[in-house]
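The primary structure of each chain is shown beneath.
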2 protein chains.
Amino acid sequence: MKIGLMGLGTVGSGVVHLIEENGDAIEKKIGQKIEIKKILVKDPEKKRIKEAQGKITINPYDILDDPEIDVVVEVMGKEHPALEYMKEAILRGKNVVTANKEVIAKHGKELIKLASENNVNLLYEASVGGGIPIIRPLKSCLAANKIHEIKGILNGTTNYILTEMKSRGLSFEGVLKEAQQKGYAELDPTDDVDGFDAARKLAILCALSFNKYVMPDNIYTKGIRTISKEDIKYADELGFTIKLIAFGKLDEDEKLEAWVHPVMISKKNPLNGVNGVYNAILVEGNAVGRLMFYGQGAGMMPTASAVVADVIDVANHIPTQNGYDDAVMKDIVDTVSKYYIRIIALDKPGVMSKVTGVLGQEGISLVSVVQKETLGEYAEIVLITHNALTKNLFDALDEIEKLKEVDKVASVIRVEGEE
Amino acid sequence: MKIGLMGLGTVGSGVVHLIEENGDAIEKKIGQKIEIKKILVKDPEKKRIKEAQGKITINPYDILDDPEIDVVVEVMGKEHPALEYMKEAILRGKNVVTANKEVIAKHGKELIKLASENNVNLLYEASVGGGIPIIRPLKSCLAANKIHEIKGILNGTTNYILTEMKSRGLSFEGVLKEAQQKGYAELDPTDDVDGFDAARKLAILCALSFNKYVMPDNIYTKGIRTISKEDIKYADELGFTIKLIAFGKLDEDEKLEAWVHPVMISKKNPLNGVNGVYNAILVEGNAVGRLMFYGQGAGMMPTASAVVADVIDVANHIPTQNGYDDAVMKDIVDTVSKYYIRIIALDKPGVMSKVTGVLGQEGISLVSVVQKETLGEYAEIVLITHNALTKNLFDALDEIEKLKEVDKVASVIRVEGEE
């Protein structure tokens, strides 16, 4: 089987290494040799790994129009021109394996239809959870289940930042800067820390779990920029750990609840112990109950592991999947949760009563109220609510921010219920 | 697609319920209806679930010789006559799906060869880890990896007992009796508490992970009967939790290390937090790094979930696997580990020095020695060794048991190294 590799960055180099290193064992397993025939790069002058010698091209049609190439492996990243190359490959009857979460999240429905029409496979295990097997288990192992709910830590950078903030008592900015220096975080960290990367992966999981297609832009997404070391300390005192959670659930009325939000996770939940760059996905099915899949959600070799597994599946002629329905979304304001809120306000008599008064007017009752020490003329007020309709909470927070004594609502974190 | 179901106990009833409940969704996914045509039972007089009406037979050949039946689902349990029925089904060109860990562990190699020769599928996802997807991920998602090591909590009954002993400070016998009353443990609990059930599952995982076939009887197996509440308390003080671990590793010289043994698992290891009837399997691959699969390892609906997923795979014509090599085993005495040892000895001067002297003669050095309070005329000595060759440890323990001051070596638990 001959492969055309598009992209020779971190993941692409991993794919080359892996086929080099484990090629013999793979050949023994599937009864044929996997060979990378051509590799598409942008800059032909750049120094490349030695295994790539003699295979480099800058012309995508060297791969697309090569009749010997059965599988196009797209690991360039970014939406364009990866999307266009994948379409061209499918239209030419080639199977496509990709690690591109952005393309699959935004255009998966269209690409899957196109692949089905052209009788080729489109596989994308590496697009969610790096090396963690999650796409294939959802498609195959859990095929007999109606899936109720998925809850995942889908972004390694944010989980690393939150883990370091907790274990070393550091600020968000401090850990982010360090992570950027070490190469764990991008220089423009928006995709990770603001939750967009997790939202794309969540969109892919919702399609597979619930057969409902949602564009990542339609997923309510809140990242971890506003999480302070105080939030993490309070959470710990309360028996929780703050994680950036991607959540999906199909209601009985077929509405899809899907959001990315910081959540306080209790110690009883296995997601609580998922630290550093590890990812994990909890899945609840009506027959199987609760499952968790855990592993490295990114990195050269773990991601390459998933890509090459897909290539092997193509060799085994595993059939492709069906299309999805468009999701009807449940608005975030219609969801119900306990909330943790940290407010910075003037340290004056009567402020607490004004703040809690606003919440009371919106019908929100409180589990606990903590007024922490003053910071100069300001004080930090920490509140935890009982289950509240998010619309009421958002309205109350708007009102609270308008109070002249209040500087800002500094943190809003969902709190998970009993496990 | 028409199914012949062999067995209508817990798992069989679960399969019937699941196909009834999720049948429409499954039909939508795979484009054909799954129908249970006949059900083999031992006692035709017994009252059965209403969905089974009109399908019951006591003659296996009603299923084996029915040309309309594509798939035989064997959920009778026990080695015989399940093995013979499966062979007959394969020889008649029928696909076989089974949850039978005993048959697959002992006869998997032969059955897989027979299935391959007869061009049918033999699938057994439910034989390990109940509903946890582990067989298919090992075969497919990790196909690009060389797997180094597997480490699992594979038996729910023992994990439940150990969890209850820890959380409620109870003795092994006390929790076992309670578990038997609740139906969580068999009246003859040997298969579970002595580790034989875990050893069978480990044999299946070793075949899939390392391509090495080992009979369960050749796996060194030690259960949890000798674990006392004191052991659990000491482990906790040291930052560990005691788990019954099934371990497999292929050495560089292709020797298979495989054992079932109580192990002290550190808090940093994700297996530490796997409690109650949950199972989990850690897998280390050379590309993917460390993965964990977590879920309910038994129970009616989780196991049925795995069985029906296999049936769906048959419908999708997923190809079957290759055969395995026979394993060359690494003897348990050639393995190296830290050990925790609890000894009951007369509370006399000089006993400690005799005990530690024997260990020293065998070249075993100690991390710590604790002499706990006396129990009447006896005292409890708790030792933790540095890494020791198990042969030396076993020799030393033999010597120690011969000392006239020593009543017995009460517990021997492996201690995992740094994670």
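Calculation rules
- Residues numbered from 1 in each chain as written.
- Chains lettered and ligands numbered in written order.
- Predicted model: local features only at pLDDT ≥ 70, side-chain atom pairs only at ≥ 80, totals over all residues.
- Heavy atoms only, no water.
- Contact = heavy atoms within 4.5 Å.
- Buried area = accessible area lost by both parts, 1.4 Å probe.
- Salt bridge = Lys/Arg side-chain N within 4 Å of Asp/Glu carboxyl O.
- Polar contact = N/O pair within 3.5 Å; in protein donor to acceptor, adjacent residues only side chain to side chain.
- Helix = DSSP H or I, 4+ residues; strand = E, 2+ residues; numbered from the N terminus.
- Pairing = 2+ DSSP bridges.
- Buried < 20%, exposed > 50% of the residue type's maximum accessible area, 1.4 Å probe, protein only.
- Axes fitted to C-alpha atoms, helices over the stretch in contact; angles between N-to-C directions.
- Least-squares fit on C-alpha atoms with pLDDT ≥ 70 in both.
- Domains from an automatic or database assignment.
- Phe/Tyr/Trp six-rings, centres within 6.5 Å; stacked < 30°, edge-to-face > 60°.
- Lys NZ or Arg CZ within 6 Å of the ring centre and 35° of its normal.
- UniProt positions renumbered as here; feature names shortened; annotations may be inferred.
- 1 Å grid on protein atoms, 1.4 Å probe; cavity = no way out; pocket = protein on both sides within 12 Å on 5 of 7 lines; lining within 4 Å.
- Points joined across faces, edges and corners; volume = space filled by probe spheres on them.
- Nonpolar A, V, L, I, M, F, W, Y, C, P; charged D, E, K, R; others polar.

Caption draft 1: Structural detail: the interface of chain B and chain A. With 45 residues of chain B at the contact, the number on the chain A side is 45 residues. Between chain B and chain A, the buried area comes to about 3,600 Å², and carbon and sulfur atoms account for 55% of it. Applying the counting rule to chain B against chain A returns two salt bridges. The salt bridge partner of B:Asp325 is A:Lys28, with a shortest N-O separation of 3.9 Å. Along the contact surface separating chain B from chain A lie 18 residue pairs in polar contact (both at pLDDT 80 or more). Of all the elements, strand E13 (residues 289-296) of chain B adds the most residues to the side of chain B that touches chain A, at eight residues. In this sheet, E13(B) lies alongside strand E13 (residues 289-296) of chain A in antiparallel orientation, the contact comprising three bridges. Residue pairing across strands places A:Tyr294 opposite B:Met292, the latter belonging to E13(B).

Caption draft 2: Main features of the environment of A:Leu205. Residue and element names in this part refer to chain A. Relative to the helices and strands, Leu205 resides in helix H9 (residues 196-210). The buried category is assigned to Leu205, whose relative accessible area is 3%. For the pair formed by Leu205 and Thr157, sequence separation is 48 residues and the distance between their alpha carbons is 19 Å. Apart from the residues lying within four places of it in its own chain, the contact partners of Leu205 are Val128, Ile134, Leu138, Ile150, Leu154 and Ile281.

Caption draft 3: Geometry of the sheet that holds strand E6 (residues 122-123) of chain B. All names here are of chain B. As summarised here, the arrangement of the six strands in space is E3-E2-E1-E4-E5-E6, forming an open sheet in which the pairing is parallel. Single-partner strands in this sheet number two, and they are strand E3 (56-57) and E6. With two bridges connecting them, strand E2 (residues 35-40) and E3 associate as parallel partners. Bridging from a neighbouring strand, Ile39 pairs with Ile56 of E3. Running over the sheet, helix H3 (residues 82-91) touches strand E1 (2-6), E2, strand E4 (69-74) and strand E5 (95-98) and is turned about 155 degrees from E5. Seen against the sheet, helix H11 (residues 300-315) touches E1, E4, E5 and E6 and runs at an angle of roughly 165 degrees to E5.

Caption draft 4: Just the relation of the copies chain B and chain A, in detail. Rotating chain B by 180 degrees and translating it 0.0 Å along the rotation axis places it on chain A, where the RMSD comes to 0.0 Å. Expressed as an axis order, the relation between the two copies is that of a two-fold axis. For chain B, the smallest separation between a C-alpha atom and the rotation axis is recorded for B:Phe293, amounting to 2.5 Å. Mapped onto chain A, 100% of the interface residues of chain B again fall at the interface, so both copies present the same surface.

Caption draft 5: Spotlight on the sheet that holds strand E2 (residues 35-40) of chain A. All names here are of chain A. Within the open sheet, the six strands sit side by side as E3-E2-E1-E4-E5-E6. Their pairing is parallel. Pairing within the sheet leaves two strands with one partner each, and these edge strands are strand E3 (56-57) and strand E6 (122-123). Pairing of strand E1 (residues 2-6) with E2 involves five bridges; the strand directions are parallel. From the neighbouring strand, Ile3 faces E2, where its bridge partner is Ile36. Set on the sheet, helix H3 (residues 82-91) makes contact with E1, E2, strand E4 (69-74) and strand E5 (95-98); between it and E5 the angle comes to about 155 degrees. Docked against the sheet, helix H11 (residues 300-315) engages E1, E4, E5 and E6, running at close to 165 degrees with respect to E5.

Caption draft 6: Representation of the domain arrangement of chain A within the structure. Residues and elements named next belong to chain A. In terms of domain boundaries, chain A breaks down into domain 1 (2-127), domain 2 (135-296) and domain 3 (333-415). With centres defined by C-alpha atoms, the gap from domain 1 to domain 2 works out at 28 Å. Listed per partner, the contact involves twelve residues of domain 1 and 14 residues of domain 2. The contact between domain 1 and domain 2 buries some 1,100 Å² in all, and 62% of this surface belongs to carbon and sulfur atoms. Here Glu125 makes a salt bridge to Arg136, at a shortest N to O gap of 3.4 Å.

Caption draft 7: Just the packing of aromatic side chains, in detail. This model, assessed by the stated rule, comprises nine aromatic pairs over all chains. Look at A:Phe247 and A:Trp259: their rings are 4.9 Å apart centre to centre, the planes differ by 20 degrees, and that puts the pair in the stacked class. Placement of A:Phe247 in strand E10 (residues 240-250) and of A:Trp259 in strand E11 (residues 255-266) is noted, with a sequence separation of twelve residues between them. Here A:Phe247 falls in the buried class, since its relative accessible area comes to 8%. We note B:Lys139 situated over the ring of B:Tyr124; from NZ or CZ to the ring centre the distance is 5.4 Å. Sitting over the ring of B:Trp259, B:Arg414 keeps its end group 4.0 Å from the ring centre.

Caption draft 8: Layout of the pairing of strand E16 (residues 336-346) of chain A. All names here are of chain A. In terms of residue burial, E16 counts as a mostly covered element, since nine of its eleven residues are buried. Pairing between E16 and strand E19 (residues 388-389): two bridges, direction antiparallel. Note on E19: the bridge partner recorded for Ser337 is Ala388. With eight bridges connecting them, E16 and strand E20 (residues 406-415) associate as antiparallel partners. Counted as the bridge partner of Ala345 is Val406 from E20. Summarising the sheet, E16 and strand E18 (residues 378-385) pair through seven bridges and their orientation is antiparallel. Its bridge partner being in E18, Tyr340 is matched across the sheet by Ile384.

Caption draft 9: How the structure looks around the pattern of salt bridges. Under the defined criterion, the tally for this structure stands at 72 salt bridges over all chains. Of the charged contacts, one joins A:Asp66 and A:Lys38 as a salt bridge, the two residues approaching to 2.8 Å between their closest N and O atoms. One end of the pair, A:Asp66, is in the loop between helix H2 (60-64) and E4; the other, A:Lys38, is in strand E2, and 28 residues separate them in sequence. Several salt bridges share partner residues, and in doing so they unite A:Lys28, B:Lys212, B:Glu254 and B:Asp325 into one network.

Caption draft 10: Seen up close, the UniProt feature "binding site: NADPH" (unreviewed entry) in chain A. Residue and element names in this part refer to chain A. Taking the numbering used here, the UniProt-annotated feature "binding site: NADPH" (unreviewed entry) corresponds to Lys101. Here Lys101 shows up in helix H4 (residues 101-117). Filtering out sequence-adjacent residues up to four positions away, Lys101 remains in contact with Ser127, Asp197, Arg200, Lys201 and Ile204.

Caption draft 11: Geometry of empty space enclosed by the protein. Residue and element names in this part refer to chain A. Following the criterion strictly, the structure yields three cavities of 30 Å³ or more and no others. Within this model, the largest cavity holds a volume of roughly 40 Å³. In terms of lining residues, the largest cavity is bounded by Ile104, Gly108, Lys109, Ile112, Tyr124, Ala203, Ile204, Ala207, Tyr213 and Tyr324. When contributions to the lining of the largest cavity are tallied by element, the ones reaching two or more residues are H4 and H9. Among the elements that take part in the lining of the largest cavity, H4 stands out by supplying four residues, more than any other. Residues of the lining of the largest cavity, tallied by class, amount to eight nonpolar, one polar and one charged. Three or more residues apiece are contributed to the lining of the largest cavity by two domains, here domain 1 (2-127) and domain 2 (135-296).

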